[in-house]
Amino acid sequence: MAKREDYIRWDEYFMGISKLAGMRSKDPNTQVGACIVGEDNKILSMGYNGFPNGCSDEEFPWDRDGDMLATKYAYVTHSELNAILNFRGGSLAGSKLYVSLFPCNECAKAIIQCGIKTVIYDSDKYAGTPGNIAAKRMFDAAGIVYKKYEPSGRVLTIDV
């Protein structure tokens, strides 16, 4: 009997993990997940966007508009930073980051500083905004490879 040939590719697997992680986010507008993978294709860490530990999602705001302190933007930790902070091993040098939304300029700084070398993203819905331009400029300067995830068109269904 020959081996099965319809298994998912590494990129499908890790982007799927990222999207699944994003489903843990309680943000009513944007759910983002991230998965950091070592050079040997082993998962090193994962994260999703949400409030820091100890900050109740019942007490802090999820609003997008208004005074900064009355919106989520002053409090939410992005998925990429959560994945970096969740890592409990040695070094992330040379690793890949799979993320469902292109990183902002603040997360780009953390990605560069921790040694991640490749960013594979699904959506770039903020392309052309100042934060997006700054992130790409820093990635280019630091030699970080970033590329859009190329979906195969395969639909994966998980029955939980």
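Residues numbered from 1 in each chain as written. Predicted model: local features only at pLDDT ≥ 70, side-chain atom pairs only at ≥ 80, totals over all residues. Heavy atoms only, no water.

Looking at this structure, how should I read the pattern of salt bridges?
Any two side chains of opposite charge can pair, on the condition that their charged atoms come close. Per the stated rule, a full pass over the model turns up 9 salt bridges. A salt bridge links D124 to K136; its shortest N-O distance comes to 2.7 Å. Taken together, the positions of D124 in the loop between β4 (118–123) and α4 (130–142) and K136 in helix α4 put the pair 12 residues apart, joining distant regions of the chain. Three or more residues joined by partner-sharing salt bridges are found here, namely R9, E12 and R154. (Salt bridge = Lys/Arg side-chain N within 4 Å of Asp/Glu carboxyl O. Helix = DSSP H or I, 4+ residues; strand = E, 2+ residues; numbered from the N terminus.)

Explain the packing of aromatic side chains here, please?
In this description, an aromatic ring pair is defined by two values, namely the gap between the centres and the angle between the planes. According to the stated counting rule, one finds 11 aromatic pairs in the structure shown. Ring centres 5.9 Å apart and planes at 65° place the aromatic pair F102 and F139 in the edge-to-face group. Within this pair, whereas F102 is found in the loop between β3 (96–101) and α3 (105–114), its partner F139 is found in helix α4, the two being separated by 37 residues in sequence. Comparing F102 with F139, the two get one shared label, buried. When the ring of F139 is compared with that of Y146, the centres are 5.8 Å apart and the planes differ by 40°; the resulting orientation is tilted. Take F139: its relative accessible area is 0%, and that puts it in the buried class. (Phe/Tyr/Trp six-rings, centres within 6.5 Å; stacked < 30°, edge-to-face > 60°. Buried < 20%, exposed > 50% of the residue type's maximum accessible area, 1.4 Å probe, protein only.)

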